[in-house]
Amino acid sequence: MNAYDEYMKGMVQPMRKELVNAGFNELTTPDDVNEFMATAKGVSLVVINSVCGCAAGLARPAVRESIQEVKPDHLVTVFAGQDREATAAMRGFFEEVPPSSPSIAILKDGQLEYFIPRDQIEGHAVEQITDHLTGVLKQVCAN
């Protein structure tokens, strides 16, 4: 690992922990992703995390708040730009949407039910994102 990679690994630790501490499982390799997707039954909330400000100030806080109200069966995350292969593997399960980070995918039995791309996160109030995600989770979890 070169000095840049080592530096970035240290820099993103708090960004990773923010979701892990909220109950998310990190999927850091393609094998992790494939193993999870092969067994994921019920509703899964997938956060494609990133280092950008809209992830820190909007996406992660909205996700943490939403799961206080509606708890899906599975909480997982991949980290774009850090765990590139794992992120590509996860995106492969919903190829119909363009890559976007941060972003939020709601899956039911491994199938994409809803996707919130970066353009529905960046520039919106955290309360709007929270309400949007909470509404979608309520709907998907109820079906």
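Residues numbered from 1 in each chain as written. Predicted model: local features only at pLDDT ≥ 70, side-chain atom pairs only at ≥ 80, totals over all residues. Heavy atoms only, no water.

Some points on the nonpolar core
The criterion, for reference: In this text, buried Ala, Val, Leu, Ile, Met, Phe, Trp, Tyr and Cys residues form a nonpolar core when linked through side-chain atoms within 4.5 Å. Each residue gets one of three labels from its accessible area relative to the maximum for its type: buried under 20%, exposed over 50%, partly exposed in between, using a 1.4 Å probe on protein chains only. Secondary structure follows DSSP: runs of H or I at least 4 residues long count as helices, runs of E at least 2 residues long count as strands, and numbering of each begins at the N terminus. Contacts are assigned to residue pairs that have any heavy atoms within 4.5 Å of one another.
Within the largest apolar cluster, 24 residues are counted, with the highest numbers of intra-cluster contacts made by Phe 24, Leu 45, Val 63, Ile 104, Ile 106, Ile 121 and Leu 133. Mapped onto this core, the elements with two or more residues apiece are β2 (43–49), α3 (53–69), β4 (103–108) and α5 (126–142). Here this core gets seven residues from one element, more than from any other, and that element is α3. When near neighbours in sequence (up to four residues on either side) are disregarded, Val 63 contacts Leu 19, Phe 24, Leu 45, Val 47, Ile 104 and Leu 133.

Quick notes on the sheet that holds β4
Note: strands within a sheet are paired through backbone hydrogen bonds, in either parallel or antiparallel orientation. Keep this limit in mind: The criterion for strand pairing is that DSSP finds at least two bridges linking the strands in question. Each axis is a line fitted through C-alpha atoms, and for a helix only the stretch in contact is used; angles between axes span 0 to 180 degrees, taken between their N-to-C directions.
What the five strands build is an open sheet, ordered β1-β3-β2-β4-β5; its pairing is mixed. Two strands lie at the open edges of the sheet, namely β1 (25–26) and β5 (111–116), each paired on one side alone. Sheet topology places β4 next to β5; five bridges connect them, and they run antiparallel. Residue pairing for β5: Ile 104 is matched across the bridge by Ile 116. Relative to β4, α5 is tilted by about 10°, and along the sheet it contacts β2, β4 and β5.

Topic: the packing of aromatic side chains
Spelled out, the test is: Pairing of aromatic side chains requires ring centres within 6.5 Å, counting the rings of Phe and Tyr and the six-membered ring of Trp. Pairs whose planes differ by under 30 degrees are stacked, by over 60 edge-to-face, and all others tilted.
Tallied over the full model, the rule gives one aromatic pair. Here the aromatic rings of Phe 94 and Phe 115 are separated by 5.6 Å at their centres, their planes lie at 50°, and the arrangement is tilted. Here Phe 115 lies in strand β5 and Phe 94 lies in the loop between α4 (84–91) and β4, a separation of 21 residues in the sequence. Phe 115 matches Phe 94 in its accessibility class, with the two residues each being buried.

Re unusual backbone geometry
Each neighbour pair has its own omega, and for Ser 101 with Pro 102 the value is -5°, a cis peptide bond. Counting through the fold element by element, Pro 102 comes out in the loop between α4 and β4. Look at Asp 109: it is not a glycine, yet its phi comes out positive at around 50°.

Some remarks on the pattern of salt bridges
Selection criterion: A pairing counts as a salt bridge when a side-chain nitrogen of Lys or Arg comes within 4 Å of a carboxyl oxygen of Asp or Glu.
Per the stated rule, a full pass over the model turns up six salt bridges. Measuring nitrogen to oxygen at the nearest pair gives 2.8 Å for the salt bridge that ties Arg 60 to Glu 18. Here Arg 60 is found in helix α3, whereas its partner Glu 18 is found in helix α1 (residues 3–20), with 42 residues between them in sequence. Here Arg 60 falls in the buried class, since its relative accessible area comes to 3%. Looking at Glu 18, the relative accessible area reads 22%, which means it is partly exposed. Across the pair Lys 138 and Glu 69 runs a salt bridge, and its minimum N-O distance is 2.7 Å. With Lys 138 in helix α5 and Glu 69 in helix α3, the pair connects residues that are 69 residues apart, well separated along the chain. The class of Glu 69 is exposed, set by a relative accessible area of 52%. Each of the salt bridges in this network shares a partner with another, and the network as a whole consists of Arg 16, Glu 26 and Asp 83.

Observations concerning the packing of helix α2 (residues 30–39) against α4
So the rule is basically this: Angles are sorted into four bins: roughly parallel if under 35 degrees, roughly antiparallel if over 145, roughly perpendicular if 65 to 115, and oblique for all others.
The geometry of α2 relative to α4 is characterised by a closest axis approach of 7 Å and an angle of 30° between their N-to-C directions. Considered as vectors, α2 and α4 are oriented roughly parallel to each other. Residues Pro 30, Val 33 and Met 37 of α2 form the contact with α4, whose participating residues are Glu 85, Ala 86, Ala 89 and Met 90.

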